[in-house]
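# Commentary on secondary and tertiary structure
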Amino acid sequence: DAKTTQPTSMDCAEGRAANLPCNHSTISGNEYVYWYRQIHSQGPQYIIHGLKNNETNEMASLIITEDRKSSTLILPHATLRDTAVYYCIVSRRNEKLTFGTGTRLTIIP
Amino acid sequence: GAVVSQHPSWVICKSGTSVKIECRSLDFQATTMFWYRQFPKQSLMLMATSNEGSKATYEQGVEKDKFLINHASLTLSTLTVTSAHPEDSSFYICSASGLALGDNEQFFGPGTRLTVL
């Protein structure tokens, strides 16, 4: 599986958009980009995933660069409940997910 | 999204005893279930992958005789920690995926915190 690189931590003001970057320069053509988050002492929560095109759902938007070597998760209006560790994972369909260290996002009141 | 439950949510046991953790997919058929563990301030580490009706595939370094996994139905997988010791104390999390869910979205359970005294 391709490896991902994420900043260790980020802060974002409540109500602003949180933009979380992820580099995956060795991604293969059949690998998807998945985003999960983990709030303290809970199981990870699925957020969004994509292959080539940008994706949006009720939680977030995923912007994937044209060369697919990086992506950005956007939480449009961050709330205090969005404080969590965010994991960017690259994986083929139906294969295991390998979690890195993720980005610890703290929403500041 | 799909719902995955785990039971118990926490357990405390004496050293040398065995503990069983259940993972259920509540509203979908899970063809594949995964078991992870997470030590404090660390990321999730995959322990094993199990497909319904077949033997689990363990990750390197995970003892299959110590961590018994059964995936007997499309909605239930169990992890049994045999002869537990304090170093097995951890947060155990399962996830499940199913063909009906599309592009291999995995949905995670809430986790089980195991403390071995």
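Below, the structure is looked at part by part. (Residues numbered from 1 in each chain as written. Chains lettered and ligands numbered in written order. Predicted model: local features only at pLDDT ≥ 70, side-chain atom pairs only at ≥ 80, totals over all residues. Heavy atoms only, no water.)

The subject of this paragraph is the overall build of chain A. On a plain count of helices and strands, chain A comes out with 0 helices and 9 strands. What you see in chain A, going N to C, is helices and strands ordered as β-β-β-β-β-β-β-β-β. Each principal axis of the C-alpha distribution contributes one length, and for chain A these read about 40 × 30 × 25 Å. Here chain A holds 109 residues, and 45% of them are scored as buried. Sequence separation of at least 24 residues holds for 57% of the intrachain contacts in chain A that already meet a minimum separation of 6. Approximately 5,700 Å² of chain A is accessible, and the part contributed by carbon and sulfur atoms is 47%. Side-chain charges in chain A split into 11 positive and 10 negative, and the spacing between the mean points of these groups amounts to 4 Å. (Helix = DSSP H or I, 4+ residues; strand = E, 2+ residues; numbered from the N terminus. Buried < 20%, exposed > 50% of the residue type's maximum accessible area, 1.4 Å probe, protein only. Contact = heavy atoms within 4.5 Å. Areas by Shrake-Rupley, 256 points an atom, 1.4 Å probe, with all protein chains shown as cover. Lys, Arg positive; Asp, Glu negative; His and termini not counted. Charge placed at Lys NZ, Arg CZ, Asp CG, Glu CD.)

All names here are of chain A. A sheet is described by the order of its strands in space; here 4 strands give the open sequence β2-β7-β6-β5, paired in antiparallel fashion. Each of the sheet's edge strands pairs with one partner strand only, and the pair in question is β2 (18–23) and β5 (55–56). Pairing of β5 with strand β6 (residues 61–64), which is carried by 2 bridges, proceeds in the antiparallel orientation. Residue pairing in the sheet places Glu55 in a bridge with Leu62 of β6. (Pairing = 2+ DSSP bridges.)

Now for the environment of Ala30(B). All names here are of chain B. The residue Ala30 is located in the loop between β3 (19–25) and β4 (32–38) in this model. Given a relative accessible area of 0%, Ala30 falls into the buried group. Separated by 37 residues in sequence, Ala30 and Phe67 place their C-alpha atoms 20 Å apart. Excluding residues within four positions of it along the chain, Ala30 makes contact with Ser25, Glu52, His71, Leu74, Ala96 and Ser97.

So, about the pattern of salt bridges. Enumeration over the complete set of coordinates arrives at 6 salt bridges over all chains. Ionic pairing is found between Arg92(A) and Glu31(A), a salt bridge with its closest N-O pair at 3.9 Å. Of this pair, Arg92(A) sits in strand β8 (residues 84–92) while Glu31(A) sits in strand β3 (residues 31–38), placing them 61 residues apart in sequence. Since its relative accessible area comes to 26%, Arg92(A) is described here as partly exposed. We note a salt bridge from Lys66(B) to Asp88(B), for which the minimum N-O separation is 2.9 Å. Here the residue Lys66(B) occupies a position in the loop between β6 (57–58) and β7 (67–73), and Asp88(B) occupies one in the loop between β8 (76–81) and β9 (90–97), the gap between them amounting to 22 residues. Each member of the pair, Lys66(B) together with Asp88(B), is buried. Among the ionic contacts, a cluster of salt bridges with common partners joins Glu31(A), Arg92(A) and Glu95(A). (Salt bridge = Lys/Arg side-chain N within 4 Å of Asp/Glu carboxyl O.)

So, to be careful, I would describe these as geometric facts and stop short of saying anything about function.
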